[in-house]
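Fold and contact review
Here is how the chains run, residue by residue.
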Amino acid sequence: MQKSLVAEFLGTFWLVFGGCGSAVLAAAYPELGIGFVGVAFAFGLTVLTMAYAVGGISGGHFNPAVSLGLTVAGRFPAARLVPYIVVQVIGAIAAAALLYLIASGKAGFELGGFAANGYGDHSPGGYSLLSALLIEVLLTMFFLIIILGSTSSRVPAGFAPLAIGLGLTLIHLVSIPVTNTSVNPARSTGQALFVGGWALQQLWLFWIAPLAGGALGGLVWKFLDDAD
(Lines give C-alpha, C1' and ligand atoms only; values in the text may rest on other atoms or scores of the structure.)
Protein backbone atom coordinates (compact mmCIF):
# COMPACT_ATOMS: atom_id res chain seq x y z
CA MET A 1 0.00 0.00 0.00
CA GLN A 2 2.79 2.44 0.89
CA LYS A 3 4.53 1.94 -2.45
CA SER A 4 1.22 2.33 -4.27
CA LEU A 5 0.59 5.67 -2.55
CA VAL A 6 4.07 6.93 -3.40
CA ALA A 7 3.52 5.88 -7.01
CA GLU A 8 0.22 7.77 -7.11
CA PHE A 9 1.88 10.84 -5.65
CA LEU A 10 4.62 10.74 -8.27
CA GLY A 11 2.23 10.09 -11.13
CA THR A 12 -0.11 12.92 -10.17
CA PHE A 13 2.84 15.23 -9.58
CA TRP A 14 4.13 14.49 -13.08
CA LEU A 15 0.70 14.97 -14.64
CA VAL A 16 0.22 18.40 -13.07
CA PHE A 17 3.79 19.58 -13.48
CA GLY A 18 4.04 18.40 -17.08
CA GLY A 19 0.55 19.33 -18.20
CA CYS A 20 0.02 22.59 -16.33
CA GLY A 21 3.70 23.41 -16.72
CA SER A 22 3.37 23.27 -20.49
CA ALA A 23 0.42 25.66 -20.26
CA VAL A 24 2.12 28.11 -17.89
CA LEU A 25 5.66 28.05 -19.29
CA ALA A 26 5.39 27.08 -22.95
CA ALA A 27 1.89 27.58 -24.39
CA ALA A 28 2.25 31.25 -25.24
CA TYR A 29 6.01 31.53 -25.42
CA PRO A 30 6.87 34.29 -27.92
CA GLU A 31 6.94 32.97 -31.51
CA LEU A 32 7.62 29.38 -30.41
CA GLY A 33 4.62 28.76 -28.15
CA ILE A 34 3.18 25.25 -28.24
CA GLY A 35 -0.45 26.45 -28.06
CA PHE A 36 -3.52 24.37 -27.18
CA VAL A 37 -2.36 21.39 -29.25
CA GLY A 38 0.97 21.25 -27.45
CA VAL A 39 -0.68 21.48 -24.04
CA ALA A 40 -3.12 18.73 -24.97
CA PHE A 41 -0.28 16.42 -25.97
CA ALA A 42 1.68 17.33 -22.85
CA PHE A 43 -1.17 16.14 -20.61
CA GLY A 44 -1.53 12.96 -22.63
CA LEU A 45 2.19 12.26 -22.51
CA THR A 46 2.36 12.68 -18.74
CA VAL A 47 -0.24 9.97 -18.24
CA LEU A 48 1.23 7.72 -20.91
CA THR A 49 4.75 7.90 -19.49
CA MET A 50 3.80 7.45 -15.83
CA ALA A 51 1.31 4.70 -16.60
CA TYR A 52 4.22 2.74 -18.04
CA ALA A 53 6.58 3.86 -15.26
CA VAL A 54 4.50 3.19 -12.14
CA GLY A 55 1.18 1.83 -13.38
CA GLY A 56 2.28 -1.66 -12.47
CA ILE A 57 2.71 -0.55 -8.87
CA SER A 58 -0.41 1.52 -8.17
CA GLY A 59 -2.64 0.98 -11.18
CA GLY A 60 -1.77 4.41 -12.54
CA HIS A 61 -4.86 6.40 -11.54
CA PHE A 62 -3.35 9.87 -10.86
CA ASN A 63 -6.88 11.25 -10.63
CA PRO A 64 -9.63 11.01 -7.95
CA ALA A 65 -12.29 10.64 -10.66
CA VAL A 66 -10.43 7.65 -12.11
CA SER A 67 -10.09 6.03 -8.69
CA LEU A 68 -13.81 6.50 -8.04
CA GLY A 69 -14.78 5.18 -11.46
CA LEU A 70 -12.63 2.09 -11.03
CA THR A 71 -14.21 1.53 -7.60
CA VAL A 72 -17.72 1.79 -9.05
CA ALA A 73 -16.77 -0.65 -11.80
CA GLY A 74 -15.47 -3.15 -9.23
CA ARG A 75 -11.86 -2.85 -10.38
CA PHE A 76 -10.52 -1.12 -7.26
CA PRO A 77 -11.13 -1.81 -3.56
CA ALA A 78 -13.23 0.87 -1.83
CA ALA A 79 -10.97 0.73 1.24
CA ARG A 80 -8.14 2.27 -0.81
CA LEU A 81 -10.20 5.05 -2.38
CA VAL A 82 -9.71 7.79 0.22
CA PRO A 83 -5.93 7.24 0.69
CA TYR A 84 -5.48 7.34 -3.08
CA ILE A 85 -7.44 10.59 -3.38
CA VAL A 86 -5.49 12.19 -0.54
CA VAL A 87 -2.06 11.46 -2.05
CA GLN A 88 -3.25 12.49 -5.52
CA VAL A 89 -4.30 15.89 -4.18
CA ILE A 90 -1.03 16.26 -2.27
CA GLY A 91 0.93 15.38 -5.42
CA ALA A 92 -1.00 17.98 -7.43
CA ILE A 93 -0.42 20.69 -4.83
CA ALA A 94 3.30 19.88 -4.66
CA ALA A 95 3.57 20.11 -8.44
CA ALA A 96 1.71 23.43 -8.52
CA ALA A 97 3.98 24.79 -5.79
CA LEU A 98 7.16 23.85 -7.64
CA LEU A 99 5.73 25.19 -10.90
CA TYR A 100 4.95 28.49 -9.15
CA LEU A 101 8.51 28.75 -7.84
CA ILE A 102 9.94 28.15 -11.30
CA ALA A 103 7.51 30.45 -13.14
CA SER A 104 8.01 33.28 -10.64
CA GLY A 105 11.74 33.27 -11.39
CA LYS A 106 11.10 35.17 -14.62
CA ALA A 107 11.37 38.96 -14.51
CA GLY A 108 7.95 40.59 -14.65
CA PHE A 109 6.15 37.39 -13.70
CA GLU A 110 2.38 37.68 -13.34
CA LEU A 111 0.38 34.78 -11.97
CA GLY A 112 -2.59 35.22 -14.30
CA GLY A 113 -4.82 32.18 -14.63
CA PHE A 114 -1.94 29.77 -13.83
CA ALA A 115 -3.69 27.05 -15.87
CA ALA A 116 -6.59 26.98 -13.39
CA ASN A 117 -9.98 25.69 -14.50
CA GLY A 118 -12.95 28.00 -14.81
CA TYR A 119 -16.28 28.82 -16.39
CA GLY A 120 -18.10 32.00 -17.34
CA ASP A 121 -15.68 34.93 -17.29
CA HIS A 122 -12.86 32.53 -16.43
CA SER A 123 -13.49 30.08 -19.26
CA PRO A 124 -10.88 30.57 -22.02
CA GLY A 125 -13.73 30.81 -24.53
CA GLY A 126 -16.32 32.40 -22.25
CA TYR A 127 -18.44 29.25 -21.87
CA SER A 128 -21.22 29.06 -19.28
CA LEU A 129 -21.49 27.04 -16.09
CA LEU A 130 -23.84 24.60 -17.84
CA SER A 131 -21.44 24.10 -20.73
CA ALA A 132 -18.60 23.47 -18.30
CA LEU A 133 -20.66 21.02 -16.26
CA LEU A 134 -21.80 19.03 -19.30
CA ILE A 135 -18.40 18.76 -20.96
CA GLU A 136 -16.59 17.79 -17.75
CA VAL A 137 -19.10 15.07 -16.91
CA LEU A 138 -19.21 13.73 -20.47
CA LEU A 139 -15.47 13.69 -21.10
CA THR A 140 -14.64 12.17 -17.72
CA MET A 141 -17.22 9.45 -18.34
CA PHE A 142 -15.63 8.57 -21.67
CA PHE A 143 -12.16 8.73 -20.13
CA LEU A 144 -13.21 6.02 -17.68
CA ILE A 145 -14.68 3.92 -20.46
CA ILE A 146 -11.36 4.20 -22.33
CA ILE A 147 -9.41 3.25 -19.21
CA LEU A 148 -11.64 0.32 -18.29
CA GLY A 149 -11.88 -0.93 -21.86
CA SER A 150 -8.18 -0.70 -22.66
CA THR A 151 -7.22 -2.49 -19.43
CA SER A 152 -9.80 -5.23 -19.94
CA SER A 153 -8.64 -8.82 -20.23
CA ARG A 154 -10.28 -8.87 -23.68
CA VAL A 155 -7.65 -6.63 -25.28
CA PRO A 156 -3.91 -7.22 -25.78
CA ALA A 157 -1.87 -6.44 -22.69
CA GLY A 158 0.70 -3.65 -22.65
CA PHE A 159 -1.03 -1.12 -24.89
CA ALA A 160 -3.44 0.46 -22.39
CA PRO A 161 -1.20 3.46 -21.56
CA LEU A 162 -1.19 4.42 -25.25
CA ALA A 163 -4.97 4.45 -25.48
CA ILE A 164 -5.31 6.26 -22.15
CA GLY A 165 -2.68 8.88 -22.96
CA LEU A 166 -4.13 9.55 -26.41
CA GLY A 167 -7.62 9.63 -24.92
CA LEU A 168 -6.56 12.34 -22.49
CA THR A 169 -4.94 14.25 -25.36
CA LEU A 170 -8.21 14.16 -27.30
CA ILE A 171 -10.14 15.29 -24.22
CA HIS A 172 -7.88 18.35 -23.93
CA LEU A 173 -8.11 19.12 -27.64
CA VAL A 174 -11.89 19.30 -27.26
CA SER A 175 -12.28 21.08 -23.94
CA ILE A 176 -9.38 23.48 -23.28
CA PRO A 177 -11.43 26.37 -24.75
CA VAL A 178 -14.37 25.51 -22.48
CA THR A 179 -12.87 24.97 -19.02
CA ASN A 180 -9.10 24.73 -19.54
CA THR A 181 -9.87 21.01 -19.09
CA SER A 182 -10.05 19.43 -15.69
CA VAL A 183 -11.49 15.89 -15.75
CA ASN A 184 -9.30 15.61 -12.65
CA PRO A 185 -10.19 17.22 -9.29
CA ALA A 186 -6.62 16.94 -7.99
CA ARG A 187 -5.21 18.82 -10.98
CA SER A 188 -7.83 21.55 -10.49
CA THR A 189 -7.17 21.86 -6.76
CA GLY A 190 -3.42 22.39 -7.02
CA GLN A 191 -3.73 25.29 -9.45
CA ALA A 192 -6.75 26.86 -7.70
CA LEU A 193 -4.92 27.08 -4.39
CA PHE A 194 -2.31 29.36 -5.92
CA VAL A 195 -4.71 31.47 -7.97
CA GLY A 196 -7.16 31.84 -5.07
CA GLY A 197 -10.25 34.05 -5.43
CA TRP A 198 -12.38 33.04 -8.39
CA ALA A 199 -10.51 29.75 -8.91
CA LEU A 200 -11.33 28.55 -5.40
CA GLN A 201 -14.91 29.78 -5.73
CA GLN A 202 -15.39 27.74 -8.91
CA LEU A 203 -13.43 24.70 -7.75
CA TRP A 204 -16.58 22.90 -6.57
CA LEU A 205 -17.57 22.27 -10.19
CA PHE A 206 -14.26 20.62 -10.96
CA TRP A 207 -14.79 18.16 -8.14
CA ILE A 208 -18.48 17.41 -8.68
CA ALA A 209 -18.46 17.10 -12.48
CA PRO A 210 -15.40 14.83 -12.88
CA LEU A 211 -16.44 12.62 -9.95
CA ALA A 212 -19.94 12.28 -11.40
CA GLY A 213 -18.49 11.53 -14.82
CA GLY A 214 -16.07 9.00 -13.37
CA ALA A 215 -18.86 7.19 -11.52
CA LEU A 216 -21.04 7.19 -14.66
CA GLY A 217 -18.17 5.77 -16.69
CA GLY A 218 -17.73 3.00 -14.16
CA LEU A 219 -21.44 2.19 -14.30
CA VAL A 220 -21.53 2.21 -18.10
CA TRP A 221 -18.56 -0.14 -18.32
CA LYS A 222 -20.06 -2.43 -15.69
CA PHE A 223 -23.17 -2.68 -17.87
CA LEU A 224 -21.15 -3.30 -21.05
CA ASP A 225 -18.80 -5.86 -19.58
CA ASP A 226 -20.19 -7.18 -16.33
CA ALA A 227 -18.33 -10.45 -16.83
CA ASP A 228 -14.90 -8.75 -16.90
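Residues numbered from 1 in each chain as written. Predicted model: local features only at pLDDT ≥ 70, side-chain atom pairs only at ≥ 80, totals over all residues. Heavy atoms only, no water.

Observations regarding the UniProt feature "site: Selectivity filter" (unreviewed entry) in the chain
- Under the present numbering, the feature "site: Selectivity filter" (unreviewed entry) in UniProt falls on Phe43, His172, Thr181 and Arg187. With the annotated positions falling across 145 residues, the maximum pairwise C-alpha distance of 13.2 Å places them together in a single cluster. Lining the largest cavity, from this annotated set, are Phe43, His172 and Arg187.
- Of note, His172 is situated in helix H6 (residues 160–179).
- On the basis of relative accessible area, His172 is assigned to the buried category, the value being 1%.
- Look past the residues within four positions of His172 in its chain and what remains in contact with it is Ala40, Phe43 and Thr181.
- From its side chain, His172 meets the backbone oxygen of Leu168 in a polar contact 2.9 Å long. (UniProt positions renumbered as here; feature names shortened; annotations may be inferred. 1 Å grid on protein atoms, 1.4 Å probe; cavity = no way out; pocket = protein on both sides within 12 Å on 5 of 7 lines; lining within 4 Å. Helix = DSSP H or I, 4+ residues; strand = E, 2+ residues; numbered from the N terminus. Buried < 20%, exposed > 50% of the residue type's maximum accessible area, 1.4 Å probe, protein only. Contact = heavy atoms within 4.5 Å. Polar contact = N/O pair within 3.5 Å; in protein donor to acceptor, adjacent residues only side chain to side chain.)

Describing the layout of surface pockets
- Taken as a whole, the largest pocket encloses approximately 670 Å³ of empty space.
- Ala23, Val24, Leu25, Ala28 and Phe114 are, among the 31 residues lining the largest pocket, the residues nearest its centre.
- Every element with two or more residues in the lining of the largest pocket is listed here: helix H1 (2–26), helix H2 (35–58) and helix H4 (81–103).
- Among the elements that take part in the lining of the largest pocket, H1 stands out by supplying four residues, more than any other.
- Of the residues contributing to the lining of the largest pocket, the split by class is 22 nonpolar, six polar and three charged.
- Gly59, Gly60, Ile147, Thr151 and Ile164 are the residues nearest the centre of the second largest pocket, which is lined by 14 residues in total.
- Within the residue set of the lining of the second largest pocket, elements represented by two or more residues are H2, helix H3 (64–72) and H6.
- Classifying every residue of the lining of the second largest pocket by side-chain character gives eight nonpolar, five polar and one charged. (Points joined across faces, edges and corners; volume = space filled by probe spheres on them. Nonpolar A, V, L, I, M, F, W, Y, C, P; charged D, E, K, R; others polar.)

Side note on the packing of H4 against helix H7 (residues 185–195)
- At a closest axis distance of 8 Å, the pairing of H4 and H7 adopts a crossing angle of 40°. With respect to each other, H4 and H7 are oriented oblique. The way H4 lies across H7 gives a crossing that is right-handed. Residue-level inspection shows Gln88, Val89, Ala92, Ile93, Ala96, Ala97, Leu99 and Tyr100 of H4 in contact with H7, the latter providing Ala186, Arg187, Thr189, Gly190, Gln191, Leu193 and Phe194.
- In terms of residue class, the contact of H4 with H7 is built from 10 nonpolar, four polar and one charged. (Axes fitted to C-alpha atoms, helices over the stretch in contact; angles between N-to-C directions. Parallel < 35°, antiparallel > 145°, perpendicular 65-115°, else oblique. Left-handed = near helix turned anticlockwise from the far one by under 90°.)

Some remarks on the pattern of salt bridges
- Summed over all chains, the structure comprises one salt bridge.
- Between Arg154 and Asp225 there is a salt bridge; the shortest N-O distance is 2.7 Å. Remark: Asp225 occurs in the segment after helix H9 (205–224) and Arg154 occurs in the loop between helix H5 (129–150) and H6; sequence separation between them is 71 residues. (Salt bridge = Lys/Arg side-chain N within 4 Å of Asp/Glu carboxyl O.)

What about the packing of aromatic side chains?
- Summed over all chains, the structure comprises eight aromatic pairs.
- Seen from their ring centres, Tyr100 and Phe109 are 5.8 Å apart, and the 80° between their planes marks the pair as edge-to-face.
- A residue is classified by how much of its surface remains accessible, and Phe109, at 27% relative accessible area, is partly exposed.
- Seen from their ring centres, Phe114 and Phe194 are 6.2 Å apart, and the 55° between their planes marks the pair as tilted. (Phe/Tyr/Trp six-rings, centres within 6.5 Å; stacked < 30°, edge-to-face > 60°.)

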